[in-house]
Amino acid sequence: AKGKTEYRGWIYMCVKRYLEKSIWNLYFRLKGMGVFAFMPVLGLYGLLPVLNILAYYFKRDPEMLYTNIVKMSQYLIPLLSVWVILFVLEHCIEEPMHELLYMNNRVKLWELLLLYAGFGILMVPLFIVYTRIFPELWWLYGKVLVLNLFYLSSTYAVSYLFGKMIPGAILVLFYTVYAMTERATGMNLFLLSVYTGREFVQWMLGYLIVSALLIVVGGILNYRYPERNR
């Protein structure tokens, strides 16, 4: 029993040390971004509320407000979620002397997942407001979390595949534009409806599987990336 306790304590200390190091690294990178680091906050708590207020103001129709919340959340929030991630990937892939960042930690996925989790927490107050108006929109929160992961995994894999951040940025912009024009195309890739219960699991499972595959591919490319720069 004593040995198990010591082993658990050792694991806890290793995880704690790794998280502290990752958080400090992210802090300095965010600090280096300057005002650009605040763009996701401005988007969530500036742009989105304004768009929703305008949608309700002109027609005074709760259904119009509901539709606008659902669409704008799926159009803009996933894009905002990868804003900082793109800057971090640019720093890890393209900045001079970026090879030094891989000396102690070759795979950068964990830092990106910390940003993903932080953005998910940042979304909570916004969706508390939404669900006070439309309670079922907690399901939309879950859907957006899945879409955020899909955007992250796509950006991660494509950026390391090409050794540039720009292809990943172009890909997520394409996703966003495609989602906005889905009625014109008729293909409905992003399924803008809000699903609940079993339907939610059925529709989101595909995104989760694809995201997991992209993360695995991205992780392999990420691990081999420093070797490709020598």
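A brief look at the structure comes next. Bear in mind that the values here come from a model prediction, so they are computed numbers and not experimental data.

1. A short note on the packing of aromatic side chains
Then, number 1: Per the stated rule, a full pass over the model turns up 14 aromatic pairs.
Then, number 2: Aromatic pair Phe150 and Tyr207: ring centres 5.5 Å apart, planes at 75°, arrangement edge-to-face. On the criterion of sequence distance, the pair formed by Phe150 in helix H6 (residues 138-162) and Tyr207 in helix H9 (residues 197-228) is long-range, its members being 57 residues apart.
Then, number 3: Between Phe174 and Tyr178, the ring centres sit 5.9 Å apart and the planes meet at 45°, which makes this aromatic pair tilted. Taken together, the positions of Phe174 and Tyr178, both in helix H7 (residues 166-180) and 4 residues apart, correspond to about one turn of that helix.
Then, number 4: Phe174 gets classed as partly exposed once you look at its relative accessible area, which sits at 48%.
Then, number 5: Aromatic rings pair up to connect Phe150, Tyr151, Phe174, Tyr175, Tyr178 and Tyr207 into one cluster.

2. Regarding the packing of helix H2 (residues 39-59) against helix H3 (residues 62-81)
Then, number 1: Between H2 and H3, whose axes approach to 9 Å, the crossing angle comes to 160°. The angle between H2 and H3 places the two elements in the roughly antiparallel class. Along this stretch, H2 crosses H3, giving a crossing that reads as right-handed. Contacts from Met39, Pro40, Gly43, Leu44, Leu47, Leu48, Leu51, Asn52, Ala55, Tyr56 and Lys59 in H2 reach Pro62, Met64, Leu65, Asn68, Ile69, Met72, Leu76, Ile77 and Leu80 in H3.
Then, number 2: Residues that form the contact of H2 with H3 fall into these classes: 16 nonpolar, 3 polar and 1 charged.

3. Some thoughts on H6
Then, number 1: Counted at 1.5 Å a residue, the expected span for H6 with its 25 residues is 36 Å, and the 37 Å between its end C-alpha atoms agrees.
Then, number 2: Trailing H6 by a residue or two, Gly163 shows a phi angle of about 70°, which is positive.

4. Describing helix H5 (residues 109-133)
Then, number 1: An ideal rise of 1.5 Å per residue puts 36 Å on 25 residues; H5 measures up with 36 Å between its terminal C-alpha atoms.
Then, number 2: When the local axis directions of H5 are compared, the greatest deviation, roughly 35°, occurs at Pro125.
Then, number 3: Along H5, the residues that are buried comprise Leu109, Glu111, Leu112, Leu115, Tyr116, Phe119, Gly120, Met123, Leu126, Phe127, Tyr130 and Thr131.

5. Let's talk about the nonpolar core
A general tendency of soluble globular proteins is for nonpolar side chains to be buried together.
Then, number 1: If you look at the biggest cluster of nonpolar residues, it comprises 33 residues, and the most contacted ones within it are Ile85, Leu89, Leu112, Tyr156 and Tyr160.
Then, number 2: Elements that contribute at least two residues to this core include exactly helix H4 (83-93), H5, H6, H7 and H9.
Then, number 3: Those residues in contact with Leu89 that lie beyond four places of it in its chain are Glu94, Leu112, Thr155, Tyr156, Ser159 and Tyr160.
Then, number 4: In terms of nonpolar packing, the next biggest core, distinct from the first, is built from 22 residues, Val70, Ile77, Phe127 and Tyr141 among them.

6. Things to note about the environment of Tyr141
Then, number 1: Summarising the element assignment, Tyr141 is placed in helix H6.
Then, number 2: The class of Tyr141 is buried, set by a relative accessible area of 13%.
Then, number 3: For the pair formed by Tyr141 and Val70, sequence separation is 71 residues and the distance between their alpha carbons is 9.8 Å.
Then, number 4: Setting aside anything within four residues of it in sequence, one finds Tyr141 in contact with Gly120, Ile121, Met123, Val124 and Phe127.

About the criteria used
- Residues numbered from 1 in each chain as written.
- Predicted model: local features only at pLDDT ≥ 70, side-chain atom pairs only at ≥ 80, totals over all residues.
- Heavy atoms only, no water.
- Phe/Tyr/Trp six-rings, centres within 6.5 Å; stacked < 30°, edge-to-face > 60°.
- Helix = DSSP H or I, 4+ residues; strand = E, 2+ residues; numbered from the N terminus.
- Buried < 20%, exposed > 50% of the residue type's maximum accessible area, 1.4 Å probe, protein only.
- Axes fitted to C-alpha atoms, helices over the stretch in contact; angles between N-to-C directions.
- Parallel < 35°, antiparallel > 145°, perpendicular 65-115°, else oblique.
- Left-handed = near helix turned anticlockwise from the far one by under 90°.
- Contact = heavy atoms within 4.5 Å.
- Nonpolar A, V, L, I, M, F, W, Y, C, P; charged D, E, K, R; others polar.
- Expected span 1.5 Å × (residues − 1).
- Bend = angle between axes of the 7 residues up to and from the residue.
- Core = buried A, V, L, I, M, F, W, Y, C linked by side-chain atoms within 4.5 Å.

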